[in-house]
Amino acid sequence: MIAKPSLTCFQSDNQSDAVIPQHFFASEAYAACKTEYVPMTANKILLVDDQPRTLEVFRLSVENDFDIELVDSAAKAWQLLNSTSDFAVVISDMHMPVVDGVQFLTTVRNRFPTITRIIMTADSDQEIAAKAVNDGQVFRFLQKPFSTAELRNVLQSGLEHHALVASEKNLLEETLRGSINLLVDLLADVKPLAFGRSRRAKKLVSMVCRKLEIEHSWEIKVSAMLSQIGCISVPDRILEAIHSGETLKAVDQMEFNQHAKFGESLIEKIPQMKSISRLVGWQHKRFDELRVFASSERELISASILAACLEFDRLVQMNTTAEDAIDEMRQDRKRFDIKVVDALATVVLGTKTTAQLTAWDLRVGMTLDSDVIDTRGSLLVPRGQVITEIMLKRLQCRAASIKDPIKVVLSTVDSMMESETDMPTEQPVG
């Protein structure tokens, strides 16, 4: 048994259910809530039942053996669940006012999927049982009336089940993160130009997701990081041509575009990465195509963000200014989601500052605000050019003969690219 006895009982004050709208649990409103995962160390139990007699039975039966809190409404239970990550098990009565036990436990499952869910009922209705299993994915039924021994066994089993589910999730996360790191490291070693593009795309995606307040940003960031993994099959000459801003021949463009499907086939073999593999495979699709292929609004916005950020990066690499790139994308509403382009414009065309740097301090993506000339006065690169990787290498090779300082425009992109980390910090979904 759990050797941490503690019991708190919240009685009704006839106002608790006013905290949450009456039909909250029965609606889709909770779907906007961010999924949270309760740690394996959690060991508290939460019971919700509107009958004072049931609360008293629990208090007398388990107060010396389990760390349990008792509440008399779903609203109070929801408040407690959102205020702490200590709950491992939630037990709900089936029949309660405002919201029934299946609706409440379904909400708990969507928000806190690792919490073990148990339902109490005096019914033997098979239809009710099936609904609880299918919608709430309950772990056990506690049939009323029940003995103290049966109650303790169910509670102990619930705690053990939570520990098992949480440990399996931790193992999956470690395996998933290791697989992602392996693929990213492989891309960096084998195709550094493609890795550079995926890194820039990930940073653009991060900023757009923040602007649009996307809660599932982790999977979009990972899809950006892995968006170029299929380039391990693309010849270096094609990647070098792209990164130097050259226009590809039709046959080379077709070969390059195949990397998306190849990348999708690699990623889909990793458990829990099916949604990310689809985003990678769709990266070249138009917005009007994505509206057909996407199975949900979430998938549509994710694919739209990735596609827009990759296209912006491509245009900038072809020496298009950020302003012109945004204007070009805004004019093609069949290809891009306009609200994504607007968000992208806000983050890349936001605050701009200038700086005076040496050739060694220049970075890809910066815009030259002055001509780059050598010590003899010869023009090397005209003002207004966006620095590409090839250009940067050439300038740094001639750094000793370049006249300093070089004036550049630093946009929001430049500053945030310096501060971003390569790996997303959120936890993977699922």
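Every value quoted in this text rests on a predicted model; they were computed, and no experiment measured them. (Residues numbered from 1 in each chain as written. Predicted model: local features only at pLDDT ≥ 70, side-chain atom pairs only at ≥ 80, totals over all residues. Heavy atoms only, no water.)

Visitor: Looking at this structure, how should I read the overall build of the protein chain?
Guide: Broken down by element type, the protein chain carries 17 helices and 11 strands. Among the 430 residues that make up the protein chain, the fraction classed as buried is 49%. Sequence separation of at least 24 residues holds for 72% of the intrachain contacts in the protein chain that already meet a minimum separation of 6. Accessible surface, the protein chain: about 20500 Å² in total, of which carbon and sulfur atoms supply 51%. (Helix = DSSP H or I, 4+ residues; strand = E, 2+ residues; numbered from the N terminus. Buried < 20%, exposed > 50% of the residue type's maximum accessible area, 1.4 Å probe, protein only. Contact = heavy atoms within 4.5 Å. Areas by Shrake-Rupley, 256 points an atom, 1.4 Å probe, with all protein chains shown as cover.)

Visitor: Just checking my understanding: could you explain the environment of Gln103 for this structure?
Guide: Along the polypeptide, Gln103 turns up in helix α3 (residues 101-111). When the C-alpha atoms of Gln103 and Ala74 are compared, they prove to be 9.8 Å apart, with 29 residues separating the residues in sequence.

Visitor: Before we go on, may I ask you to explain the side chain of Ser206 in this structure?
Guide: Mapped onto the fold, Ser206 is located in helix α6 (residues 192-212). A polar side-chain atom of Ser206 sits 2.8 Å from the main-chain carbonyl oxygen of Lys202. (Polar contact = N/O pair within 3.5 Å; in protein donor to acceptor, adjacent residues only side chain to side chain.)

Visitor: When you look at the sheet that holds strand β11 (residues 406-410) in this model, what are you seeing that I'm missing?
Guide: Each strand in a sheet pairs with its neighbour through backbone hydrogen bonds, running either in the same direction (parallel) or in the opposite one (antiparallel). Strand order across the open sheet formed by three strands is β7-β11-β8, with antiparallel pairing between neighbours. Looking at strand neighbours, the two that pair on one side only are β7 (353-357) and β8 (367-368), the edges of this open sheet. (Pairing = 2+ DSSP bridges.)

Visitor: Explain empty space enclosed by the protein to me, please; I cannot follow it from the model alone.
Guide: Unfilled space is identified by rolling a water-sized probe across the atoms. Within this structure, the stated rule accounts for two cavities of 30 Å³ or more. Counted as a void, the second largest cavity has a volume near 30 Å³. Here the element with the most residues in the lining of the second largest cavity is helix α8 (residues 236-243); it accounts for three residues. Classifying every residue of the lining of the second largest cavity gives four nonpolar, two polar and one charged. (1 Å grid on protein atoms, 1.4 Å probe; cavity = no way out; pocket = protein on both sides within 12 Å on 5 of 7 lines; lining within 4 Å. Points joined across faces, edges and corners; volume = space filled by probe spheres on them. Nonpolar A, V, L, I, M, F, W, Y, C, P; charged D, E, K, R; others polar.)

Visitor: What's the story with the pattern of salt bridges in this structure? I'm lost.
Guide: For side chains bearing opposite charge, pairing can occur when the charged atoms are close. Applying the stated criterion across every chain yields a total of 20 salt bridges. Between Arg152 and Asp65 there is a salt bridge, with its nearest N and O atoms 3.1 Å apart. Taken together, the residues Arg152 in helix α5 (residues 148-190) and Asp65 in the loop between α1 (52-62) and β3 (67-71) connect sequence positions 87 residues apart. Given the relative accessible area of 28%, Arg152 is considered partly exposed. For Asp65, a relative accessible area of 17% gives the class buried. Here Asp288 ties to Arg286 by a salt bridge, and the two come within 3.3 Å at their closest N and O atoms. The network of salt bridges with shared partners includes Arg197, Arg200, Asp313 and Glu389. (Salt bridge = Lys/Arg side-chain N within 4 Å of Asp/Glu carboxyl O.)

Visitor: Before we go on, may I ask you to explain the nonpolar core in this structure?
Guide: Nonpolar side chains in soluble globular proteins tend to end up buried together. With 38 residues, the main nonpolar core has Val208, Ile305, Phe312, Met329 and Leu344 as its most contacted residues. Secondary structure elements with two or more residues in this core: α6, α7 (217-225), α12 (287-293), α13 (297-317), α14 (322-330) and α15 (338-348). Looking at this core element by element, the count peaks at 11 residues for α13. Contacts of Ile305, omitting those with residues within four sequence positions, involve Val205, Val208, Cys209, Leu212, Ile214, Ile220 and Val340. Listed in part, the 25 residues of the second largest apolar core include Ile180, Leu187, Cys231 and Leu248. (Core = buried A, V, L, I, M, F, W, Y, C linked by side-chain atoms within 4.5 Å.)

Visitor: Is there a simple way to explain the side chain of Glu219 in this structure?
Guide: Position of Glu219 among the secondary structure elements: in helix α7. The buried category is assigned to Glu219, whose relative accessible area is 9%. Beyond its immediate stretch of four places on either side in the chain, Glu219 contacts Ser275, Ile276, Leu279, Arg298 and Ser302.

Visitor: Got a minute to help me understand α1 in this structure?
Guide: Residue pairs spaced three or four apart in an α-helix point in one direction, given the helix's 3.6 residues per turn. For α1, every residue scored as buried is listed here: Thr54, Leu55, Phe58, Ser61 and Val62. End-on, the buried residues of α1 take up no more than an arc of 135 degrees, which puts them together on one face. The exposed set on the far side of α1, more than 90 degrees from its buried face, consists of Pro52, Arg53 and Leu60. (Arc of directions from axis to C-beta.)

Visitor: Where do I start with the environment of Leu315 in this structure?
Guide: The topology assignment puts Leu315 in helix α13. Exposure remark for Leu315: the relative accessible area of 3% places this residue in the buried category. Note: C-alpha distance between Leu315 and Met329 (14 residues apart in sequence) is 9.7 Å. Not counting residues up to four positions away in its chain, the partners in contact with Leu315 are Thr320, Ala325, Glu328 and Met329.

Visitor: Whenever I open this one, the packing of α1 against α5 confuses me. Can you help?
Guide: Packed helix pairs are characterised by how far apart their axes lie and by the angle those axes make with each other. At their nearest, the axes of α1 and α5 sit 10 Å apart, and the two run at 80 degrees to each other. As judged from the angle between their axes, α1 and α5 are roughly perpendicular. Touching Phe58, Ser61 and Val62 of α1 are Thr148, Leu151, Arg152 and Leu155, all from α5. Looking at the contact of α1 with α5 residue by residue, the class counts come to four nonpolar, two polar and one charged. (Axes fitted to C-alpha atoms, helices over the stretch in contact; angles between N-to-C directions. Parallel < 35°, antiparallel > 145°, perpendicular 65-115°, else oblique.)

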